[in-house]
Every structure is written in C-alpha cells, then in structure tokens.
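Coordinates in review
Each chain, written out:
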Amino acid sequence: MEEFISGLEFTVCFLSGEVLPFLSINHSHKFFNYDAKFKSGDTLFDLVNFDGRTNKLIVSQTKKILDFLNINDYCRLDFIMKGNVPYLLELNTLRLKFS
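Thresholds, definitions, all that
Residues numbered from 1 in each chain as written. Predicted model: local features only at pLDDT ≥ 70, side-chain atom pairs only at ≥ 80, totals over all residues. Heavy atoms only, no water. Helix = DSSP H or I, 4+ residues; strand = E, 2+ residues; numbered from the N terminus. Buried < 20%, exposed > 50% of the residue type's maximum accessible area, 1.4 Å probe, protein only. Contact = heavy atoms within 4.5 Å. Areas by Shrake-Rupley, 256 points an atom, 1.4 Å probe, with all protein chains shown as cover. Lys, Arg positive; Asp, Glu negative; His and termini not counted. Charge placed at Lys NZ, Arg CZ, Asp CG, Glu CD. Disulfide = S-S within 2.5 Å. Expected span 1.5 Å × (residues − 1). Arc of directions from axis to C-beta. Polar contact = N/O pair within 3.5 Å; in protein donor to acceptor, adjacent residues only side chain to side chain. Phe/Tyr/Trp six-rings, centres within 6.5 Å; stacked < 30°, edge-to-face > 60°.

1. Considering the overall build of the protein
Summing up its helical and strand segments, the protein has two helices and six strands in all. Across the protein, helices and strands are ordered from the amino to the carboxyl terminus as β-β-β-α-β-α-β-β. In terms of overall dimensions, the protein has a C-alpha envelope of 40 × 35 × 30 Å along the principal axes. In the protein, which comprises 99 residues, the proportion classed as buried is 30%. Summarising the internal contacts of the protein: among those between residues at least 6 apart in sequence, 49% fall at separations of at least 24. Total accessible area on the protein stands at roughly 7400 Å², and carbon and sulfur atoms take up 56% of it. A gap of 4 Å separates the mean positions of the 11 positive and 12 negative side-chain charges of the protein.

Structure, rendered in structure tokens:
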C-alpha cells in the first residue's frame, strides 16, 4: 500500500547527458493504457514548464538519480507534482551498448 498522490503527471526524458523538456500526457479515457497513449486521436502531449526554481530542482534531482544508477544514455522518468513537490513514480530505461 502507498499513499495516493493527486496532481499533474509529467514525464522527464534524458538522452545522451541532456534532460529534455518536460511533457504531460492528457487523455479522456477512463483508464490510461496503451490504447489511450498511442492509438487514441484525442490524447495530447503538452510541454510543461514550472517556475525556474522548480524546473532546476527537477533537472538536478533527475541527474542525481541517473548518476547514482549509472545511467548515461537514455531514460524516461515519470513524476507527479503535488503542490511544488515532484514525486518520482517510476523510471524506465534501456541500456545501450555500441561496439
């Protein structure tokens, strides 16, 4: 069991050392699933921009998490914002190896 946190869900993508702009995914489905995310024509992907201090906090915390986990190629982190506090929901990665 864990506490339910209500707020804006957003995604932070990391690619080759760079934190990319934050995205929110807005949909009208009862449940957010594969069809809602990838097949629905009414799902919107919007850029999210918090105040400067919050943006810097999210970027800083993202880099610390990825540094700790030794992830330096690709990663997607899903957060939820409650007030001005970002909560990490999950982290998705694929470790790339080039010869």
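2. Remarks on the state of the cysteines
Scanning all chains against the criterion turns up zero disulfides. Here Cys13 stays free of any disulfide, with the sulfur of Cys75 as its closest cysteine sulfur at 8.6 Å.

3. Some points on helix α2 (residues 52-68)
The end-to-end C-alpha distance of α2 is 24 Å, a good match for the 24 Å that 17 residues give at a rise of 1.5 Å each. Of the residues making up α2, those classed as buried are Thr54, Asn55, Ile58, Thr62 and Leu66. All buried residues of α2 project into a common sector of 105° when viewed along the axis, lining one side. Seen from the buried face of α2, the exposed residues on the opposite side, beyond 90 degrees, are Arg53, Lys56, Lys64, Asp67 and Phe68. Elements in contact with the buried residues of α2: β1 (8-15), β2 (18-19), β3 (22-26), β5 (74-82) and β6 (85-93). Where α2 starts, the residue carrying a side-chain oxygen 3.1 Å from the main-chain nitrogen of Arg53 turns out to be Asp51. Count one or two residues on from α2 and you reach Asn70, which has phi positive near 60°.

4. A word on the packing of aromatic side chains
Inspection of the entire model under this criterion finds four aromatic pairs. Geometrically, the ring pair formed by Phe10 and Phe22 is tilted, given 5.9 Å between the ring centres and 40° between the ring planes. Taken together, the positions of Phe10 in strand β1 and Phe22 in strand β3 put the pair 12 residues apart, joining distant regions of the chain. Summarising the burial analysis for this pair, Phe10 and Phe22 share the class buried. Their ring planes at 40° and their centres at 6.3 Å tell us that Phe22 and Phe50 sit as a pair that is tilted. Of this pair, Phe22 sits in strand β3 while Phe50 sits in the loop between β4 (44-48) and α2, and the two are 28 residues apart along the sequence. Here Phe50 falls in the buried class, since its relative accessible area comes to 17%. Taken together, the aromatic side chains of Phe10, Phe22, Phe50 and Phe79 make up a single cluster linked through ring pairs.

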